[in-house]
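The primary structure of each chain is shown beneath.
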Amino acid sequence: MDHFHIRDGQMHVEDVPLSRLAAEVGTPLYVYSRATFERHARVFREGLAGLDRPPQLAFAVKANPNLAVLGLLRREGYGADVVSGGELARALKAGMPAPDIVFSGVGKTTSELQQGLDAGIGQFNIESGEEGRELAAIAAARGQVAHCALRVNPDVDAGTHDKISTGRADTKFGVPIGHAPQLFAELSRLPGLDLRGLAVHIGSQLSELDPLEAAFAKLGDMLAKLRGAGHAITHMDLGGGLGVPYRRGETLPEPAQYGAMVARATRGWDVQLMFEPGRVIAGNAGVLLTRVIRVKRGLHNPFVIVDAAMNDLARPALYGAWHDFDAVSPTGERMLANIVGPICETGDTFATDREIDALGQDDLAVFRTAGAYGATMASSYNSRGFVAEVMVDGADYAVVAERIAPDAIADAERVPDFLR
Ligand code: LLP
């Protein structure tokens, strides 16, 4: 359930008509619903209510790093899963307590490891022996102990898009699960590390629970093996990955089903479980509002040219992803169309041969399910600005990210003397 609905013939986000936002803030525009974010945060937590102890929830900042979003989730008791110094700084700025921050990522730089230690974050998910040895040395030299988990690659096929699959043995993520005993034996002896658990994340937009369950089963076996070898395992991080419906009528596993599976798979583990949900919290809490520039006659279908483009919402161009597209003021009439942005690449196509609400010049429409991996993946390609973001709260709203104009981006560029 979300708070994007038609009222008086017009789509509203909570109690704010989208036409008002378009008039006052302009388009293209990401629009988030506070109530939807909060609902998703609670539903995910409630789905895990059957676990032996309350889980530690770290929102995957990459899905939506907006400071207002992070602040909202902090109030819901979420910490943060970060993958860069920039995300770490944002999580801290949003008021996330450092102990609630997990640092993931296959390529943390030396200075990012230091930044994590400076902040006193709760856990580093180390992705290699090399990283573990480096972190240990830095921490020991500073007289610190870094809490960490070893990210293992369980070699399961998540059954999702190749570009967002991370749990097959041939991807760059984690260490092969079979290497865990040897790495634990080595790394747990290092004075700068408190190696206390395992972490896994097999991919994103998972539409089935079986691959996750298979991964967790392998993790459970490894947990027993490590304990058998005398290691104290207190934390297990089960990552994120739960998918969300992008198409009307599509059904995906609900958080409650996910929670029941997790409870089954982790029974008897006796650890603090950690989760890193991103999309399931943010995806359906946002839309991308856009205006039709004009409708151009085509050989077959008309081209509905909208003012949002692949630089604002990259998912269709990058992954062939589907986003439902709805008129803000639907008339009941329908049309068959290609939906495209103004960027000079054929790849700047949101949909081909799609049956949509009939639209004409200047009409408003939304791409749905744009709250995760939307604004954060924007670029300024074609010297377009960075898209703005708004958070709606009942009948109020606030601009939570200003539009960054092309001029402001050009202002950061310099022509050197030797080219004058
Ligand atoms: N934890 C780790 C270590 C991750 O790499 C990710 C996502 C998550 C948690 C959160 O996964 P989620 O719950 O959101 O599925 N840009 C792509 C998605 C990339 C996901 C990368 N990792 C997209 O637009 O579909």
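Quick caveat, the model's predicted, so the values are computed rather than measured.

Draft legend 1. Quick look at the site of the ligand. Of all residues adjacent to the ligand, which total 21 residues, the nearest are Ala60, Ser204, Gly240, Gly278 and Tyr373. Shared between two domains, the shell around the ligand takes at least three residues from each, and those domains are domain 1 (4-32 + 283-410) and domain 2 (34-278).

Draft legend 2. The arrangement of the environment of Gly9 in detail. One can find Gly9 in the loop between β1 (4-7) and β2 (10-13). According to the C-beta neighbour criterion, Gly9 is exposed, with 10 such atoms within 10 Å. Here the alpha-carbon distance between Gly9 and Pro330, two residues 321 residues apart in the chain, equals 7.0 Å.

Draft legend 3. Structural view of the environment of Ala35. Along the polypeptide, Ala35 turns up in helix α2 (residues 34-47). Classification of Ala35 as partly exposed rests on a count of 17 C-beta atoms within 10 Å. Sequence separation of Ala35 and His231 is 196 residues, and the distance between their C-alpha atoms is 43 Å. Ignoring any residue separated from it by four or fewer positions in sequence, one finds Ala35 in contact with His3 and Glu14.

Draft legend 4. Local environment of the domain arrangement of the protein chain. As far as domains go, the protein chain holds domain 1 (4-32 + 283-410) and domain 2 (34-278). Distance between the C-alpha centres of domain 1 and domain 2: 32 Å. Contact residues are listed per partner, giving 22 residues for domain 1 and 19 residues for domain 2. Of all elements in the fold, only β20 (388-393) and β21 (396-401) reach the threshold of two or more residues within the side of domain 1 that touches domain 2. When its residues are assigned to classes, the side of domain 1 that touches domain 2 shows 12 nonpolar, 6 polar and 4 charged.

Draft legend 5. Quick peek at the nonpolar core. Membership of the largest hydrophobic core comes to 114 residues, with the highest contact counts inside it found for Val31, Leu150, Leu198 and Val390. Lining this core are residues from two domains, each supplying at least three of them: domain 1 (4-32 + 283-410) and domain 2 (34-278). Setting aside anything within four residues of it in sequence, one finds Leu198 in contact with Ala149, Leu150, Val152, Ala180, Leu219, Met222, Leu223 and Met236.

Draft legend 6. Quick look at the packing of helix α5 (residues 110-119) against helix α6 (residues 129-141). Packing of α5 against α6 leaves a shortest axis separation of 10 Å and a crossing angle of 50 degrees. Put simply, α5 runs oblique to α6. Crossing angle aside, the handedness with which α5 passes α6 is right-handed. Contacts between α5 and α6 involve Thr110, Leu113, Gln114 and Leu117 from the first element and Glu134, Leu135, Ile138 and Ala139 from the second. Across the contact of α5 with α6, the residue classes break down as 5 nonpolar, 2 polar and 1 charged.

Draft legend 7. Representation of unusual backbone geometry in the model. Between Thr27 and the following residue, Pro28, the backbone shows a cis peptide bond with an omega angle of -5 degrees. Its identity as a non-glycine residue notwithstanding, Asp155 has a phi of 55 degrees, on the positive side. Residue Asp155 is classed as partly exposed on the basis of its 18 C-beta neighbours within 10 Å. Its identity as a non-glycine residue notwithstanding, Asp362 has a phi of 75 degrees, on the positive side. Along the chain, the position of Asp362 falls in the loop between β18 (349-357) and β19 (364-367). Judged by the 10 C-beta atoms lying within 10 Å of it, Asp362 is exposed.

About the criteria used
- Note that residues are indexed from 1 along each chain, following the sequence as it is written.
- Confidence filtering applies because this is a predicted model: local features only for residues at pLDDT of at least 70, side-chain atom pairs given and counted only at 80 or more, and all residues used for totals across whole chains, interfaces and linings.
- By definition, a residue lies near a molecule or strand provided its backbone-derived C-beta atom is within 6 Å of it.
- For each domain, the first and last residues come from an automatic or database assignment.
- Secondary structure elements follow DSSP: runs of H or I no shorter than four residues count as helices, runs of E no shorter than two count as strands, and numbering proceeds from the N terminus.
- Whether a residue is buried, exposed or partly exposed follows from its count of other C-beta atoms within 10 Å of its own C-beta, namely 20 or more, 12 or fewer, or something in between, respectively; the C-beta atoms are built from the backbone.
- Any two residues are considered in contact once their C-beta atoms, placed from the backbone, lie within 7 Å.
- All residues other than Ala, Val, Leu, Ile, Met, Phe, Trp, Tyr, Cys, Pro, Asp, Glu, Lys and Arg, Gly among them, are scored as polar; the first ten of these are nonpolar and the last four charged.
- Joining buried Ala, Val, Leu, Ile, Met, Phe, Trp, Tyr and Cys residues through C-beta atoms within 7 Å gives a set, and that set is a nonpolar core.
- Axes, fitted as lines to C-alpha atoms, cover a helix only where it is in contact. Angles between the N-to-C directions of the axes lie from 0 to 180 degrees.
- Orientation labels follow simple angle bins: below 35 degrees gives roughly parallel, above 145 gives roughly antiparallel, 65 to 115 gives roughly perpendicular, and whatever is left gives oblique.
- It is the rotation of the near helix from the far one that decides the hand of a crossing: anticlockwise by less than a right angle makes it left-handed, clockwise makes it right-handed.

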